[in-house]
Structure formats: structure tokens, C-alpha cells
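Here's the letter readout for the chains.
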Amino acid sequence: MKDLVAILNKEFKDQGIQIPDKEVTGEEIAQSDNAQAKMLKYVFESGIRFSNKRSVELLGMKYRSTEQTIIDTG
């Protein structure tokens, strides 16, 4: 998440946009009502891993880089 914030801040600082970069503890997330944050905490702590290997091999898909995807989403 720190990398994501750093990419967004670098890309959009010239537009006057600043993404907060405060570090949040797992305890703070657990006590919050933010469902998306709780899901991210679960994914990171559970060891779940995702792979696009089969879509690349079987379908020949080509993906944007992580950095470009974050910028496009931002």
C-alpha cells in the first residue's frame, strides 16, 4: 500500500493532489467500520496469492505494469 500511495503522489503532485500516507496498524483496521480495509487486511494476512499466468499462457493476454494500472486508476 505504501508503494501505491508513493506512485499516486509522484504522478499527481503537479496537479495539487496529495494522497495521505499515514501508516495504519492492523489493530486500527480491525476497530474501523471500513469493510474494504478489513478485506485488504484479510487478504494480506491470509497469504492468498493471485496469478495471471494461465491467462497469459492460454489466452495470450498482455497486462499493463502495476505502476501504469495504479496511475490509470488514479
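What counts, and at which threshold
- Residues numbered from 1 in each chain as written.
- Predicted model: local features only at pLDDT ≥ 70, side-chain atom pairs only at ≥ 80, totals over all residues.
- Heavy atoms only, no water.
- Core = buried A, V, L, I, M, F, W, Y, C linked by side-chain atoms within 4.5 Å.
- Buried < 20%, exposed > 50% of the residue type's maximum accessible area, 1.4 Å probe, protein only.
- Helix = DSSP H or I, 4+ residues; strand = E, 2+ residues; numbered from the N terminus.
- Contact = heavy atoms within 4.5 Å.
- Axes fitted to C-alpha atoms, helices over the stretch in contact; angles between N-to-C directions.
- Parallel < 35°, antiparallel > 145°, perpendicular 65-115°, else oblique.
- Left-handed = near helix turned anticlockwise from the far one by under 90°.
- Nonpolar A, V, L, I, M, F, W, Y, C, P; charged D, E, K, R; others polar.
- pLDDT = per-residue confidence, 0-100.
- Salt bridge = Lys/Arg side-chain N within 4 Å of Asp/Glu carboxyl O.
- Polar contact = N/O pair within 3.5 Å; in protein donor to acceptor, adjacent residues only side chain to side chain.

**Observations regarding the nonpolar core**
Next up, step 1: Residues I7, L8, F12, I70 and I71 constitute the largest nonpolar core, which totals 5 residues.
Next up, step 2: Elements with a minimum of two residues in this core: helix 1 (2-12) and helix 5 (66-73).
Next up, step 3: With 3 residues, the single largest contributor to this core is helix 1.
Next up, step 4: With near-sequence residues (within four places) excluded, L8 lies in contact with I19, I70 and G74.

**Focus: the packing of helix 1 against helix 5**
A pair of packed helices is captured by two measures, namely the crossing angle of their axes and the spacing between those axes.
Next up, step 1: The N-to-C vectors of helix 1 and helix 5 enclose an angle of 60°; their axes lie 10 Å apart at closest approach. With respect to helix 5, the axis of helix 1 lies oblique. Between helix 1 and helix 5 the crossing geometry is right-handed. Facing L4, I7, L8, E11 and F12 of helix 1, the residues of helix 5 in contact are E67, I70 and I71.
Next up, step 2: When grouped by side-chain class, the residues that make up the contact of helix 1 with helix 5 number 6 nonpolar, no polar and 2 charged.

**Details of the confidence of the model for the protein chain**
Next up, step 1: The share of residues in the protein chain with pLDDT of 70 or more is 100%, and the mean pLDDT across the chain is 88.
Next up, step 2: Summarising per-element confidence for the protein chain, the mean pLDDT is lowest in helix 2 (residues 26-31) (80) and highest in helix 4 (residues 53-59) (96).

**Some words on the pattern of salt bridges**
Next up, step 1: All told, the structure shown has 4 salt bridges when counted by the stated rule.
Next up, step 2: Between D72 and R64 there is a salt bridge; the shortest N-O distance is 3.4 Å.
Next up, step 3: Owing to a relative accessible area of 45%, D72 belongs among the partly exposed residues under this scheme.
Next up, step 4: The class for R64 is exposed, based on a relative accessible area of 62%.

**Side note on the side chain of N9**
Next up, step 1: With respect to the helices and strands, the residue N9 is situated in helix 1.
Next up, step 2: Residue contacts for N9: discarding those within four places in its chain leaves I17, Q18 and I19.

**Some points on the environment of K2**
Next up, step 1: Mapped onto the secondary structure, K2 falls in helix 1.
Next up, step 2: Taking the C-alpha atoms as reference, K2 lies 9.1 Å from K22; in sequence the two are 20 residues apart.
Next up, step 3: At 3.3 Å, the side chain of K2 and the side chain of E23 are in polar contact.

**Overview of helix 1**
Next up, step 1: Every buried residue belonging to helix 1 is among V5, I7, L8, N9 and F12, and all of these are buried.
Next up, step 2: Of the surrounding elements, those touching the buried residues of helix 1 are helix 5.

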